[in-house]
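Each chain, letter by letter, is given below.
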Amino acid sequence: MSVEESQPLISHLMELRDRLLRSIIFVAVVFCGLVYFANDIYNFVASPLVDVLPSGASMIATNIATPFFTPIKLTAVVAVFISVPYLLYQLWAFVAPALYQHEKRLIYPLLFSSTLLFYLGVAFAYYIVFPLVFGFLTKTAPAGVAIATDISSYLDFVLTIFLAFGVCFEVPIAIILLCWTGVTTPEDLKVKRPYIIVAAFVIGMLLTPPDIFSQTLLAIPMWLLFELGVIFARFYRPKDETEDQSIN
């Protein structure tokens, strides 16, 4: 590699380093602003389960350090969650110079909608799925079995569900990108609709607790978001690039 070729690579690596550093600092600042409220944040996240626990039941900590570290861990995750728009901006600022003008116009709505859909997926899990799932699970405990969920285990569970719903709500973005890159077309996806609906229920079965309520609550939104992605994918076809270049 010549000196001329290595210089752009070094400059790109330095820019990547700077943007990663800015992202880490931003997340750290948000974390520092939230850490004082760590217990309140955990109480908010735990409320869907606490509200449906039988009378006299409560959550427990099986490790002496768990009451301290579990809220801190959750606060760190929340800090990243809040920082997502800024993190996406840093990613966008890094890759934008390599994109054509028409590609930039298409990426803007994708970045905004992907962030919004992820937040909607998490909100859907918290406000819709958790009350139904926890209400069902707490009522199916055998007689004589006391429900006492470990706070660390609960956090791992809800973070997994948050991530599952947040990612699954990105289905329209995935479909748009697949159609935009030419991997498939909206017409092909319409033909494969029955298989995709079955796949949505299989994914719901794998990513949620073993009850029909949570599986259905994940599968149906995935199916509806698939239909939404097929509709918008018509505006993100590869031919757009050819038409734009021909005009220029």
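Residues numbered from 1 in each chain as written. Predicted model: local features only at pLDDT ≥ 70, side-chain atom pairs only at ≥ 80, totals over all residues. Heavy atoms only, no water.

As annotated in an unreviewed UniProt entry, the protein carries the name Sec-independent protein translocase protein TatC and is attributed to Pasteurella canis. UniProt, in the comment section headed Sequence similarities (unreviewed entry), describes the protein in these words: "Belongs to the TatC family." A UniProt comment under Subunit (unreviewed entry) is attached to the protein, and it reads "The Tat system comprises two distinct complexes: a TatABC complex, containing multiple copies of TatA, TatB and TatC subunits, and a separate TatA complex, containing only TatA subunits. Substrates initially bind to the TatABC complex, which probably triggers association of the separate TatA complex to form the active translocon." (UniProt positions renumbered as here; feature names shortened; annotations may be inferred.)

Caption draft 1: Region of interest: the packing of helix α3 (residues 66-95) against helix α5 (residues 151-168). At a minimum axis separation of 9 Å, α3 and α5 run at an interaxial angle of 15°. For the element pair α3 / α5, the angle class is roughly parallel. Handedness of the α3/α5 crossing: left-handed. Here T66, P67, T70, K73, L74 and V77 of α3 come into contact with α5, specifically with I151, S152, L155, D156 and L159. Across the contact of α3 with α5, the residue classes tally to six nonpolar, three polar and two charged. (Axes fitted to C-alpha atoms, helices over the stretch in contact; angles between N-to-C directions. Helix = DSSP H or I, 4+ residues; strand = E, 2+ residues; numbered from the N terminus. Parallel < 35°, antiparallel > 145°, perpendicular 65-115°, else oblique. Left-handed = near helix turned anticlockwise from the far one by under 90°. Contact = heavy atoms within 4.5 Å. Nonpolar A, V, L, I, M, F, W, Y, C, P; charged D, E, K, R; others polar.)

Caption draft 2: Quick peek at the pattern of salt bridges. For the structure on display, the rule yields four salt bridges. Notably, a salt bridge pairs E15 with R19, separated by 3.3 Å at the nearest N-O pair. Within this pair, E15 and its partner R19 are both found in helix α1 (residues 3-34), separated by four residues, close to a single helical turn. Note on R19: relative accessible area 15%, which makes it buried. (Salt bridge = Lys/Arg side-chain N within 4 Å of Asp/Glu carboxyl O. Buried < 20%, exposed > 50% of the residue type's maximum accessible area, 1.4 Å probe, protein only.)

Caption draft 3: Spatial organisation of the UniProt feature "transmembrane region" (unreviewed entry) in the protein. Within the UniProt annotation, "transmembrane region" (unreviewed entry) is assigned to residues 20-38, 74-95, 116-137, 157-183, 195-212 and 218-236. As annotated, residues 20-38 has a helix share of 84% and a strand share of 0%, and its two end C-alpha atoms lie 25 Å apart. The annotated region residues 157-183 carries 81% helix and 0% strand content, and the separation between its end C-alpha atoms amounts to 34 Å.

Caption draft 4: Up close: the confidence of the model for the protein. For the protein, the mean per-residue pLDDT works out to 81, and 86% of the residues sit at or above 70. The lowest-confidence element of the protein is helix α10 (residues 239-247), averaging 48 in pLDDT; the highest-confidence one is helix α2 (residues 38-50), averaging 92. Counting interchain partners and residues more than four positions distant, the pLDDT-below-50 stretch residues 242-248 has two contacts. (pLDDT = per-residue confidence, 0-100.)

Caption draft 5: Region of interest: the environment of I82. Following the sequence through the fold, I82 ends up in helix α3. Aside from chain neighbours lying at most four places away, what touches I82 is V30, L34 and Y119.

Caption draft 6: Highlighting the packing of aromatic side chains. Counted according to the given criterion, the structure contains 16 aromatic pairs. The interplanar angle of 40° and the centroid separation of 5.7 Å between the aromatic rings of F124 and F169 together place this pair among those described as tilted. Here the residue F124 occupies a position in helix α4 (residues 101-139), and F169 occupies one in the loop between α5 and α6 (171-180), the gap between them amounting to 45 residues. Judged by its relative accessible area of 8%, F169 is buried. Feature note: the residues Y42, F44, Y126, Y127, F130, F134, Y154, F157 and F162 constitute an aromatic cluster, connected by ring pairs. (Phe/Tyr/Trp six-rings, centres within 6.5 Å; stacked < 30°, edge-to-face > 60°.)

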